[in-house]
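A structural walkthrough
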Amino acid sequence: MKTTLALLGLMLPGAAFAQDATLALVGPMAEYKLYVADETQELVKDTRAFTDAVKAGDVETAKSLFAPTRLHYEKIEPVAELFSDLDVSIDSRADDHEAAEADPGFTGFHRIEHALWATGSTEGMAPFADKLMADVEDLAARIDGLTFPPQVVVGGAAVLMDEVAATKISGEEDRYSHTDLWDFRGNFDGARKIVELFRPHVKDDAFLATIDANFDKVDRTLEKYREGEGYQSYEKLTDDDRRVLAAGVNTLAEDLSTLRGRVGLD
Amino acid sequence: MAGGHDPTRRTLLRGFGAAAMVCPFAAGMARAEGNAAPDNNATGQPRVTQAPQANESSPGDYVSPYGAHQAGIVTPRPAHGMVASFHVLADTPADLERLLRRLGERIAFLTRGGEVPQVDPGLPPADSGLLGPVIRPDALTITVALGADLFDRHDWLSPHRPRQLVRMPKFPNDAPDASILHGDLALQICANTQDATIHALRDIIKSVPDQLLLAWKQEGSVPVIPPRPAGEIENARNFLGFRDGSANPDASDAAQMDRIVWVGAAQGEPGWTHGGSYAAVRIIRNFVERWDRTPLAEQERIMGRVKSNGAPLDRRHATEMDVPDYEADPDGEATAMDAHIRLANPRTPDSRRNLILRRPFNYSNGVTKSGQLDQGLLFICWQADLAQGFVAVQDRLNGEPLEEYIKPVGGGFFFALPGFTDAPDDYPGRQLIGAIGRTTAPA
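1. Quick look at helix α10 (residues 387–397) of chain B
Residue and element names in this part refer to chain B. Burial in α10 covers these residues: G389, F390, A392, V393, Q394 and L397. The inward-facing, buried residues of α10 contact β7 (277–286), α9 (340–344), β10 (373–383) and β11 (406–416). Note on α10: the residue one or two positions beyond its end, G399, has a positive phi of about 90 degrees.

2. Re the interface of chain A and chain B
Listed by partner, the interface residues are 15 residues for chain A and ten residues for chain B. Buried surface at the junction of chain A and chain B, summed over both partners, amounts to about 1,000 Å²; 65% is from carbon and sulfur atoms. The largest per-residue losses of area from chain A upon contact with chain B belong to R243, A247 and E254 of chain A, which jointly make up 44% of the total buried on that side. Put simply, chain A and chain B have one salt bridge between them. In this structure, E254 of chain A and K206 of chain B form a salt bridge, with 2.8 Å as the shortest nitrogen-oxygen distance. If you look at where chain A meets chain B, you find four residue pairs in polar contact (both at pLDDT 80 or more). Considering each element in turn, the side of chain A that touches chain B owes the most residues, eight residues, to helix α12 (residues 239–256) of chain A. Tallied by class, residues from the side of chain A that touches chain B come to four nonpolar, five polar and six charged.

3. Some remarks on the nonpolar core
In a soluble, globular protein the nonpolar side chains are often hidden away together inside. Judged by nonpolar contacts, the single largest core of 74 residues is most densely connected at M161 and L256 of chain A. Apart from the residues lying within four places of it in its own chain, the contact partners of L256 of chain A are A157, A158, M161, V195, I211 and F215 of chain A. F86, L100, Y278 and I436 of chain B belong to the second largest nonpolar core, which has 62 residues in total.

4. Some remarks on the pairing of strand β4 (residues 141–147) of chain B
Residues and elements named next belong to chain B. Most of β4 sits inside the fold, with seven of its seven residues counted as buried. Side chains T141, T143, A145 and G147 project from β4 onto one buried face, and the interleaved I142, V144 and L146 project onto a second face that is buried too. Pairing geometry for β4 and strand β5 (residues 185–191), over six bridges, is antiparallel. Looking at β5, one finds that T141 is bridged to C190. The pairing of β4 with β11 spans three bridges and is classified as antiparallel. Within the sheet, the bridge partner assigned to L146 lies in β11 and is F415.

The rules behind the values
Residues numbered from 1 in each chain as written. Chains lettered and ligands numbered in written order. Predicted model: local features only at pLDDT ≥ 70, side-chain atom pairs only at ≥ 80, totals over all residues. Heavy atoms only, no water. Buried < 20%, exposed > 50% of the residue type's maximum accessible area, 1.4 Å probe, protein only. Helix = DSSP H or I, 4+ residues; strand = E, 2+ residues; numbered from the N terminus. Contact = heavy atoms within 4.5 Å. Buried area = accessible area lost by both parts, 1.4 Å probe. Salt bridge = Lys/Arg side-chain N within 4 Å of Asp/Glu carboxyl O. Polar contact = N/O pair within 3.5 Å; in protein donor to acceptor, adjacent residues only side chain to side chain. Nonpolar A, V, L, I, M, F, W, Y, C, P; charged D, E, K, R; others polar. Core = buried A, V, L, I, M, F, W, Y, C linked by side-chain atoms within 4.5 Å. Pairing = 2+ DSSP bridges.

Without other data, these values stay purely geometric and don't point to any function.
As structure tokens, this is what we get:
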């Protein structure tokens, strides 16, 4: 029922997008909402296991769950960021805060990452674990009731690439655990999902071929670092491969920045 | 969109007309005689390091990017300059050619200016819009130069490396910061305004995202001075408060530039390099707080010039364009033997081989962790022979008293490609791509 209402919300007048284009996009928008719902459910489930381990003082288990849990968040980052209060408490980095690691406002995944890798202890982390769990559940509840603005969804493909280009390619996101390549995976998958859903509405085969080629290029480069279910440390990434990734991501960000316009949205 | 009522557009067109006839930059590029004069003769022609004059520069100033040499080297220095260094992604000669052609296209548009292309408002704009809907030339130059790293990385490119192009070595007083050193390709971007240089950089970053990755950049500027009486020359002051560039060779003397700046047959360099030039770029931090606490007489002794007027110390009431007589001062009574200008250019018959063309900018970046000003000199010099030029000069300067007040922290050696024309199939680096094609073509 909620989903139906949300979809109806797409058609409310007054929003800054073309009605015709929006109507045509109802199908992929609904599919995207299902994708986000699935990822959010996984995020809640995995965050519970992760925070349980933290509260139990099981550093090794918590470490092993950190990157795979974040993967779900990274895939849906553009939507998650619609709730800026939660994005700050779930995913901000130390340098988003004036007193860095010591700042009381530094909470969420990276606060716990700092404890697990930099200090090697979960001592004092229980309140942060509880807060993270509560924030993630809050996020899931809000997403469930959310009307997705189509511009945010279609534009999210470029936003995901911008995220990598602006604040991830340098390895600064997961600076204590060096699990950045997992986050790249999440951002690439999230962006490609959007392209796949809206592909039928893009009338430019050469454009799509370029996008596909660049996704393939960054995928091939990233897969060189696959290890088991996940990825090697960011520190293993060579300068040459980092540059290939950076150029691919920059190019995708430029090209995908036209996706909204190409499917008829402002 | 079009329309004769747009005043900006009319200004632009007027600017083009003016540029063709009375542009101050045209004179400096046209002059070719006068090789009997001293190196730094006050010929009345604009000097490369001359301080830009207020109200003289105009958005209509057009510096042609075309010719036997790239612009931005012997053309007079405008008020703002930047060096941006990039990593290059080019696996094949065809990739490199594609990159250079695209750079040539952007340079052609950005330096000439014109209306920004209009796109569907549902798409990101084609231009950053920093300069408004009509881009004016604003004396913009973009000089393309390649670093040793690029040649080293590819087997198909390394045989064509300019003979003297190496990674800039660490000199004794340097404190190299790896994050602002070297690079595959450097662009020197100069213009009347900082906005024009930033606009050009952003355009290029957006235009070539798949082949250029920005590694570092340093911006700088030189003070604009009120107009001087005709014939009077003032070189711009650096952040140590001294005139900088007084002894520079006359960039409007083509014969001298052929000897000092442009690579030619005389250097034994690969044929494709002829018409290019070596750049030594040095980001030289100045410890200005310490300098400002140093007695004036000591500052002048260290530099070898009068601070107020730039005159040599053996004739304090002359001008900065007058030349010190070291022969009459063999023991350094007037100008200390280790004064900066005496070490840099001892003015002996031998040291004429070490002349370089300096074209630096002052930079002011922010505040260090210690709470001191992070400012200094974006030193840029051009020469046909790197070993005889910058390296020889720096070797003489090593250990100079000025070192207590300066710390080179970044930069690199780069080779500026030969010039290119507006012919449809020409672009910067065409000569290099041609040379690669000849060596890799099937027999």
